[in-house]
Amino acid sequence: MGVLGRRILRDIASSALLGIALFTFVLFLDRVRPLFELLVRSSAPPKTIAWLFSLLLPPAFTFTIPVGVLVAVLLTMSRMSGDSEVTAMRAAGLSSRRVLLPVMTISTVALLLTAAASVWLTPWSIRQRYKVVNQLAAAQLTAEIQPRIFEERFPNRILYVGDVVAGQVVRWRNVFLADITPPDKRPPGSGTHEPGDGPLITVAAEAIAVPDLGRNRIQLSLIRGALHYSGKLPADYYSSSFPVGDQILEADRPAAYRPRLQFTEMDTGPLLRAVRETRGRDAINARIELHQRLALPLACVLLGLAGVPLGVSSRKGGRSSAFVLTVLIALVYYMTLISLIGLAREGRVPPGVAVWLPNMVLAFAAAVLLWRMEAPGDLDPIGAVRLRIGALVGRLRGRLRTAPAAARAGLTKSLPLVPALVDTYVLSSFIYYFCVLLVSFVLMTHVFTFFDLLGDIVKNHIPMSLVATYLLFLTPQLIYVLTPISVLVGVLVTFGILTKSNEVTAMKACGVSLYRLSVPVLLTSCLLSALLFAFDYTWIPRANVIQDGIRNQIKGRPAQTYLRPDRRWIFGRGSRIYNYKYFEAAENVMLGVNVFELDPQTFRLKRHISAERARWEASLNSWVFQNGWARELTDDRITNSQAFEREAASFRGLDEPPSWFLKEVKQDKQMNPPELAAYIDELRQSGFDTVRLQVQLHRKFSLPLFAAIMALLSVPFAFLVGTRGAIAGVGISFGIAVAYWAVSQLFEQVGYVNQLPPQLAAWAPDALFGLSGLYLLARMKT
């Protein structure tokens, strides 16, 4: 390999490393938060968290290495084309196919690395990841308990905790525990009171929760608690208080536990045996997994070869059109593979054909492109298509290069026209790169998410239409998360290219300073921040509700908090807990209802109402109960008892309307700022700690601003490294993005444990990076 080959090899290798790192980071943006939460809230050492993060990398490398090679070949060939190096080679009598040797060298190395990740590292890392997660889950049984949510993971137990105080010893405040063991399975009672078929209720002002790792359970030491239950006869009711008491919560197996290996977790040898021995649907799924492991690494070579003829074009607009075409080829390849795998799972296409057909089509396309690479322009139909796409991209990026002759003449006679034309030129370039990067990041994340969930899709027999719906409603959240990164990379690439091509020098010679040059990009980034906030206010919460529900279905999990269809537990206004067996929405009637009214200060039971039926009366603005009883308690002693059979009874204060019991349980990401603020106020009135929710409320304002801050911070870096071109910009953007997300997640988790005020935890990263951007911008030599 000569000097030219070694130079091309070096350029492609450096670009590929940066591209792989950037795409891998983008894929793991949403997976960073749980790792930081484990680091801050758990007793797991940092090296365990780092090991867990490293185990997430091999499955991603299967997809990011081919795309990284593709982008590297594209950028290197485009640079050579833009610098007329390809033209010089042809003038010297060298074929442009001489670049294939270094490209094939890098592609072969990438193929071997991808094959190692696909065939060996990925199944091994999945098994190791579940092993570590199971260990952490067992060690952090108490850390999984979320405040103000009815936990139903404990067999025959319903747990509600008002607040969780993290630390070496985990403490729960305002504990409500309902034992719903069927009467025939309960141990016999003592004394004159025998429990009926109602729940046994335990309340406590505080509890110390100690996980018992060996037995997969939690040992509770209840402080200032009381036990309540009704007897077999309506007149019987038992209540007792205790200063300190012990209870044991037997936990289900950790969520990550797998009773048997899935095909994605098998080594390739056992997978081959499974292909030969299994029958029916399992045989199809095993064959899909086997062919997928072997076919995906080949994409490194095929995508690299397809990128060469698209990148070496020296025609006008060839660089932009080549980038768009190459990204489209990669995305069409993966989307076609996903669609064919779906058909193979349904038995419509043989698994081998489904997995290998995209490679065959891509190989044919690459061969045609390479064959036509040296064809003259008038005989190259592919070049004509590329020119048309380039013309369309040129129109999207602005009309500076096709401006009328009068405007060009005016440029030399009237310098005031320069800023307007420059703004159009810079802004069109930035918007172009921003849009291409955002679409590429979103679709790449879709591809990785699909293959990440493929094992659960197969296991739970999820139709492909439902998977497509999930990816569709996941898109708004991905746009919200990936827009700041796209702004960062777009700014660095835009100004890096302008600086390397000496266009910035020409603009400065016309009297346009670097500050003035960056104004349109900074203003556009501020507009994007405002649009992100509006997006989070309107569409994202609704989309998150849908995509979270579908993801639970894909994962085989029931709807959130409602794990048993015959039981419902709802926290009402103030400190009331409703429990009912059935709710008839058409008639606004609850059947088998219990109401537990608690003192918000001491969390002692004040009133217990039990009835066979409760009907909502709009005229009374209250629930009317039939055939039941009510007991009022003071210091856990019955002070008043009332029985009602046929006659109806209503009680003051029970004014939660039927809509209260029909609303879904939502997380903070499923609410817009006003809804979250109202929810926080509601919890405050009930005396609950809302620090975590307050942090998320302030982050709903601080996160959209990150897009503008990224532009502010990246402009100085773009001009500092601009002489090195777009690749240096990508490398700098990767470093900045990693630094921001690490600092942001760290401050967020520290705010969760109440070590920082919610406002500071949410806004400190923006303030830190915003001030750094202003300082660098002020120090910039214009």
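Residues numbered from 1 in each chain as written. Predicted model: local features only at pLDDT ≥ 70, side-chain atom pairs only at ≥ 80, totals over all residues. Heavy atoms only, no water.

> So what about the overall build of the protein chain? Which residues, and what values?
Helices and strands together make up the secondary structure of the protein chain, namely 22 helices and 12 strands. Each of the 782 residues in the protein chain was classed as buried or not, and the buried ones make up 53%. The contacts of the protein chain with a sequence gap of at least 6 include a subset with a gap of at least 24, amounting to 70%. If you sum the accessible surface of the protein chain, you get close to 35,100 Å²; carbon and sulfur atoms cover 61% of it. (Helix = DSSP H or I, 4+ residues; strand = E, 2+ residues; numbered from the N terminus. Buried < 20%, exposed > 50% of the residue type's maximum accessible area, 1.4 Å probe, protein only. Contact = heavy atoms within 4.5 Å. Areas by Shrake-Rupley, 256 points an atom, 1.4 Å probe, with all protein chains shown as cover.)

> Which residues make up the nonpolar core, and what are the values?
One finds Val 308, Phe 451, Ile 485, Phe 495, Leu 517 and Trp 741 to be the most contacted residues of the largest nonpolar core, which totals 131 residues. Residue contributions to this core peak at 21 residues, all from helix α14 (residues 417-459). Discounting chain neighbours no more than four positions away, the residues touching Ile 485 are Phe 25, Val 26, Leu 29, Phe 441, Ala 737 and Trp 741. (Core = buried A, V, L, I, M, F, W, Y, C linked by side-chain atoms within 4.5 Å.)

> Talk me through helix α9 (residues 299-311); I want residue IDs and the actual numbers.
For an α-helix the count is 3.6 residues per turn, leaving residues at separations of three or four pointing the same way. Counted at 1.5 Å a residue, the expected span for α9 with its 13 residues is 18 Å, and the 18 Å between its end C-alpha atoms agrees. When you tally the buried positions in α9, you get 13 out of 13 residues, the bulk of the element. (Expected span 1.5 Å × (residues − 1).)

> Report on the sheet that holds strand β3 (residues 200-212), specifying residues and quantitative values.
Taken in spatial order, the five strands line up as β1-β2-β3-β4-β5 in an open sheet, and their pairing is antiparallel. Each edge of the open sheet carries a strand with a single partner, namely β1 (157-165) and β5 (237-250). The average undirected angle you get between the axes of adjacent strands in this sheet is 25°. Bridge analysis of strand β4 (residues 217-230) against β5 gives 13 bridges, and the strand direction is antiparallel. (Pairing = 2+ DSSP bridges. Axes fitted to C-alpha atoms, helices over the stretch in contact; angles between N-to-C directions.)

> Could you give me a rundown of the pairing of β3, with the residues and numbers involved?
A regular strand places its side chains so that they alternate between the two faces of the sheet. The sheet contact formed by strand β2 (residues 170-179) and β3 spans nine bridges and is antiparallel. In the sheet register, Val 175 faces β3, and the bridge partner there is Ala 204. Note that β3 and β4 share 11 bridges and pair antiparallel. Its bridge partner being in β4, Val 210 is matched across the sheet by Gln 219.

> For the environment of Asn 359, give the residues involved together with the corresponding values.
Mapped onto the secondary structure, Asn 359 falls in helix α11 (residues 351-371). Considering only alpha carbons, one finds Asn 359 and Ala 295, 64 residues apart in sequence, at a separation of 7.4 Å.

> Report on the packing of helix α8 (residues 281-295) against α11, specifying residues and quantitative values.
At a minimum axis separation of 8 Å, α8 and α11 run at an interaxial angle of 25°. Relative to α11, the element α8 is oriented roughly parallel. The interaxial crossing formed by α8 with α11 has right-handed handedness. Counting all contacts with α8, which are made through Ile 284, Arg 287, Ile 288, His 291, Gln 292, Leu 294 and Ala 295, the residues of α11 involved are Pro 351, Gly 352, Val 355, Trp 356 and Asn 359. (Parallel < 35°, antiparallel > 145°, perpendicular 65-115°, else oblique. Left-handed = near helix turned anticlockwise from the far one by under 90°.)

> Requested: an account of the side chain of Asp 536, with residues and values cited.
Within the element layout of this structure, Asp 536 appears in helix α17 (residues 514-554). Residues within four places of Asp 536 in sequence aside, it is in contact with Tyr 480, Pro 541, Asn 672 and Lys 700.

> I'd love a proper account of the confidence of the model for the protein chain, names of residues and values included.
Confidence in the prediction for the protein chain averages 78 pLDDT; 79% of positions are at 70 or higher. In the predicted structure, residues 559-566 sits below a pLDDT of 50 and forms 24 contacts with residues beyond four places in sequence or in another chain. (pLDDT = per-residue confidence, 0-100.)

> With reference to specific residues and values, describe the side chain of Ser 125.
Here Ser 125 is to be found in helix α6 (residues 100-139). On the basis of relative accessibility, which here comes to 0%, the residue Ser 125 falls in the buried class. For Ser 125, the side chain forms a polar contact with the main-chain oxygen of Thr 122, separated by 2.8 Å. Here Ser 125 is in contact with Leu 55, Pro 58 and Pro 59, once residues within four sequence places are set aside. (Polar contact = N/O pair within 3.5 Å; in protein donor to acceptor, adjacent residues only side chain to side chain.)

> Lay out the pattern of salt bridges in plain terms, naming residues and giving numbers.
Note on pairing: side chains with opposite charge can pair once their charged atoms come close. For the structure shown, the criterion picks out 14 salt bridges. One salt bridge in this structure joins Arg 7 and Asp 11, with 4.0 Å as the shortest N-O distance. Of this pair, Arg 7 and Asp 11 both sit in helix α1 (residues 3-27), four residues apart, which is roughly one turn of the helix. Residue Arg 7 is classed as partly exposed on the basis of its relative accessible area of 32%. (Salt bridge = Lys/Arg side-chain N within 4 Å of Asp/Glu carboxyl O.)

> With reference to specific residues and values, describe the packing of helix α7 (residues 268-277) against α8.
Running from N to C, α7 and α8 cross one another at 140°; their axes reach a closest spacing of 9 Å. Between α7 and α8, the angle falls in the class oblique. Considering only the axes of α7 and α8, their crossing is left-handed. Contact with α7, carried on its side by Thr 268, Leu 271, Leu 272 and Val 275, involves Ala 286, Arg 287, Glu 289, Leu 290 and Arg 293 of α8 and no other residues of that element.

> Can you explain the environment of Val 275? Please cite residues and give values.
Residue position: Val 275 is located in helix α7. On the basis of relative accessible area, Val 275 is assigned to the buried category, the value being 11%. Beyond its immediate sequence surroundings of up to four residues, Val 275 is in contact with Ala 286, Arg 287 and Leu 290.

> Just give me the short version of unusual backbone geometry, but keep the residues and values in it.
The phi dihedral of Asn 174 is positive, around 55°, even though this residue is not glycine. Assignment of secondary structure puts Asn 174 in strand β2. A relative accessible area of 13% means that Asn 174 is categorised as buried. Notably, Asn 627 is not glycine yet its phi reads approximately 55°, a positive angle. Assignment of secondary structure puts Asn 627 in strand β11 (residues 622-634).

> Now, about a nonpolar patch on the surface: what can you tell me, with residues and values included?
On the surface, a cluster of nonpolar side chains totalling about 350 Å² of accessible area is made up of Val 353, Leu 357, Met 360 and Val 361. With respect to the helices and strands, Val 361 occurs in helix α11. With a relative accessible area of 51%, Val 361 lands in the exposed category. (Patch = residues over 30% accessible without salt bridge, like charges linked within 9 Å, V, L, I, M, F, W, Y side chains within 5 Å.)

> Outline the packing of aromatic side chains, listing residues and values.
What characterises a pair of aromatic rings is the spacing of the ring centres plus the angle enclosed by the ring planes. One pass over the full model with this rule turns up 24 aromatic pairs. Plain terms: the ring middles of Phe 63 and Phe 448 are 6.1 Å apart, the flat faces sit at 85° to each other, and that makes the pair edge-to-face. Here Phe 63 is found in helix α4 (residues 57-82), whereas its partner Phe 448 is found in helix α14, with 385 residues between them in sequence. In this structure, Phe 63 and Phe 448 share a single accessibility class: buried. Among the aromatic residues, those joined into a ring-pair cluster are Phe 63, Tyr 333, Tyr 334, Phe 448, Phe 450 and Phe 451. (Phe/Tyr/Trp six-rings, centres within 6.5 Å; stacked < 30°, edge-to-face > 60°.)

> How would you sum up the environment of Ile 288? Please name residues and give values.
Tracing the backbone shows Ile 288 in helix α8. In this structure, Ile 288 is in contact with Ile 341, Ala 344, Arg 345, Pro 351 and Val 355, ignoring residues within four places of it in sequence.

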